[in-house]
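What follows is each chain in one-letter form.
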Amino acid sequence: MRYTKEDIIRMAEEEDVEFIRLQFTDIFGTFKNVAVTASQLERAIENKCRFDGSGIEGFMRIEEPDMYLYPDLDTFEIFPWRPQQGKVGRFICDIHRADGTSFESDPRYVLKRAIKAAEDRGYTFMVKPECEFFLFHTDDEGSPTTSTHERGGYFDVGPIDLAENVRRDIVLSLEEMGFEIEASYHEMSPAQHEIDLHMGEALTGADNIMTFRMAVKNIAKRHGLYATFMPKPKEGTNGSGLHLNVCLLDRQGNNAFQDTNDRLGISRTAYQFIAGIMAHGEEMMLLTNPLINSYKRLTPGYGAPNYIAWSEQSNGSVFMRVPCHREEETEIELCFPDSAVNPYLVFAVCLAAGIDGIEKEMVPPESVCENIYAMTEEEREKRGIRRLPRTMGDAIEAFRNSSFIRGVLGNDIYEKYLAAKEKEWEAFCTHVTDWEVNEYLRKY
């Protein structure tokens, strides 16, 4: 939907909108906002709303704090879960400096820059996200727990799936906001759910993921539950991923990954895109799996990848596959990102890696249809199958040495993100966990 200033003002008046949230995202993928009343709507649309960027981690230095929010008018939505009198609307905003220039550490700007680079080469990046999350009980004070009464599994229905009505409310609310939902269902673990969004252009897809998380958390709260996108909140269960089904469209709007003459139905461009993603796999992990907890998800036996390999079949041990449907719906599924990512940064690096593969005419190794876990180390080495980073510390080292990642993110956001993750890892390494106390206290 393309909105004008006049459209927005008219809709706000007709729908009795009293508050406007000007939303933006920090470098770690957390939604922030500045709220204004409807009386300030015209001022907001004219990019006159200022905020203190020094208070946002990874943003401006304290000596130059003034930042301006530039609303993307096409992101205007009214929250269906808020009161019907005195409604709340929102814009997703770009961040600019006081002189009007784009702020280089705005994640949305990083993605826009990557999209522009791909468009200059004749490609439009399309993404279909599969969003996983857990719904847990809260305690008597309303704080989140990891407790649940349900024992549902993959595709279960009510009454085994106790959150069927919650998921329905989420889907209906999202559709009211203009989302197209392809599917929703109970996932593998108790209290785990998945909702699949329709394929669309990358910037809209990233905006939708941020809006999706906000909607899920708010609607879950109305049902007395807590929604979490923590990748692995409970041991012994599958974690939550963010599988991304991606493709490129050419200048004529045709799927550039499609080739009906190929055995798998995919084009040379698609093979090169796969090779580019694989070439930069380790370097991207700190963005695609951004938490210390992320690496607890990437363990054998829990449906998440551990190795850099691709498959033409459904293979839980690989980090990328080509789904079985073909022709105009030909796409590549990236299985390694998890539910805690900053979608703007992840979309940017995945797109840039794929384009790098195309430009350099990279050739991927053969598809892996076998169970990689059952292979010996020698067999994996012979097939060129590399192990994904096993900890955030390993991912930091790969990220630190990557001129590719620095080029995609820009120096400022690269250095701030790396410094923050190094600090996070150091804090974890000096923390004594309950596991250590239980394992060692009585023995030594």
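Since the model is a prediction, treat every value here as computed from it, not as a measurement. (Residues numbered from 1 in each chain as written. Predicted model: local features only at pLDDT ≥ 70, side-chain atom pairs only at ≥ 80, totals over all residues. Heavy atoms only, no water.)

With that settled, consider the UniProt feature "binding site: Mg(2+)" (unreviewed entry) in the protein chain. Residues annotated in UniProt with the feature "binding site: Mg(2+)" (unreviewed entry) correspond here to Glu130, Glu132, Glu187, Glu194, His243 and Glu333. Mapping glutamate 187 onto the fold places it in the loop between β7 (181-186) and β8 (192-197). Among the structural elements, glutamate 194 can be located in strand β8. In contact with glutamate 194, not counting residues within four places along its chain, are Glu130, Cys131, Glu132, Arg167, Ala183, Ser184, Tyr185 and Glu187. Reaching out from glutamate 194, the side chain makes a polar contact with the side chain of tyrosine 185 at a distance of 2.6 Å. (UniProt positions renumbered as here; feature names shortened; annotations may be inferred. Helix = DSSP H or I, 4+ residues; strand = E, 2+ residues; numbered from the N terminus. Contact = heavy atoms within 4.5 Å. Polar contact = N/O pair within 3.5 Å; in protein donor to acceptor, adjacent residues only side chain to side chain.)

Here aspartate 16, not a glycine, exhibits a phi torsion of approximately 55°, which is positive. Its place among the elements puts aspartate 16 in the loop between α1 (5-14) and β1 (17-25). Judged by its relative accessible area of 35%, aspartate 16 falls in the partly exposed class. Look at asparagine 47: it is not a glycine, yet its phi comes out positive at around 65°. One can find asparagine 47 in the loop between α2 (41-45) and β3 (49-52). (Buried < 20%, exposed > 50% of the residue type's maximum accessible area, 1.4 Å probe, protein only.)

The next subject is the side chain of lysine 421. Note on placement: lysine 421 falls in helix α13 (residues 411-429). With relative accessibility at 3%, the residue lysine 421 sits in the buried group. In contact with lysine 421, other than residues within four places in its own chain, are Phe28, Leu286, Pro290, Leu291, Met392 and Ile396.

This paragraph deals with the sheet that holds β3. Pairing is mixed in the open sheet, where 5 strands are placed in the order β2-β1-β5-β4-β3. Looking along the sheet, the strands with just one partner apiece sit at the ends: β2 (31-37) and β3. Within this sheet the neighbouring strands show an average axis-to-axis angle of 40°, counted without direction. Here strand β4 (residues 66-78) runs beside strand β5 (residues 87-97); their pairing, made up of 8 bridges, is antiparallel. Note that in β5 the partner of tyrosine 68 across the bridge is histidine 96. Lying on the sheet, helix α3 (residues 107-120) is in contact with β1, β4 and β5; it crosses β5 at an angle near 70°. Packing of helix α5 (residues 202-222) onto the sheet brings it into contact with β1, β2, β4 and β5, and relative to β5 it is tilted by some 135°. (Pairing = 2+ DSSP bridges. Axes fitted to C-alpha atoms, helices over the stretch in contact; angles between N-to-C directions.)

This brings us to the state of the cysteines. Linking two cysteines covalently through their sulfur atoms gives a disulfide. Applying the stated criterion across every chain, the model contains 0 disulfides. Not engaged in a disulfide, the cysteine cysteine 93 finds its nearest cysteine sulfur in cysteine 49; these two sulfurs lie 8.1 Å apart. Given a relative accessible area of 2%, cysteine 93 falls into the buried group. (Disulfide = S-S within 2.5 Å.)

The terminal C-alpha atoms of helix α9 (residues 343-359), which comprises 17 residues, lie 24 Å apart, in line with the 24 Å expected from a rise of 1.5 Å per residue. In terms of burial, α9 is a largely internal element, 16 of the 17 residues being buried. For α9, the N-terminal cap is asparagine 342; the gap from its side-chain oxygen to the backbone nitrogen of tyrosine 344 is 3.1 Å. Glutamate 361 sits one or two positions beyond α9 and adopts a positive phi of about 50°. (Expected span 1.5 Å × (residues − 1).)

Once that is clear, we can look at the packing of aromatic side chains. Taken as a whole and assessed by the stated rule, the structure comprises 18 aromatic pairs. Between the aromatic rings of phenylalanine 133 and phenylalanine 212, the centroid separation amounts to 6.0 Å while the plane-to-plane angle is 65°, which identifies the pairing as edge-to-face. Residue phenylalanine 133 is found in strand β6 (residues 124-137), and its partner phenylalanine 212 is found in helix α5; the two are separated by 79 residues along the sequence. Each member of the pair phenylalanine 133 and phenylalanine 212 is classed as buried. (Phe/Tyr/Trp six-rings, centres within 6.5 Å; stacked < 30°, edge-to-face > 60°.)

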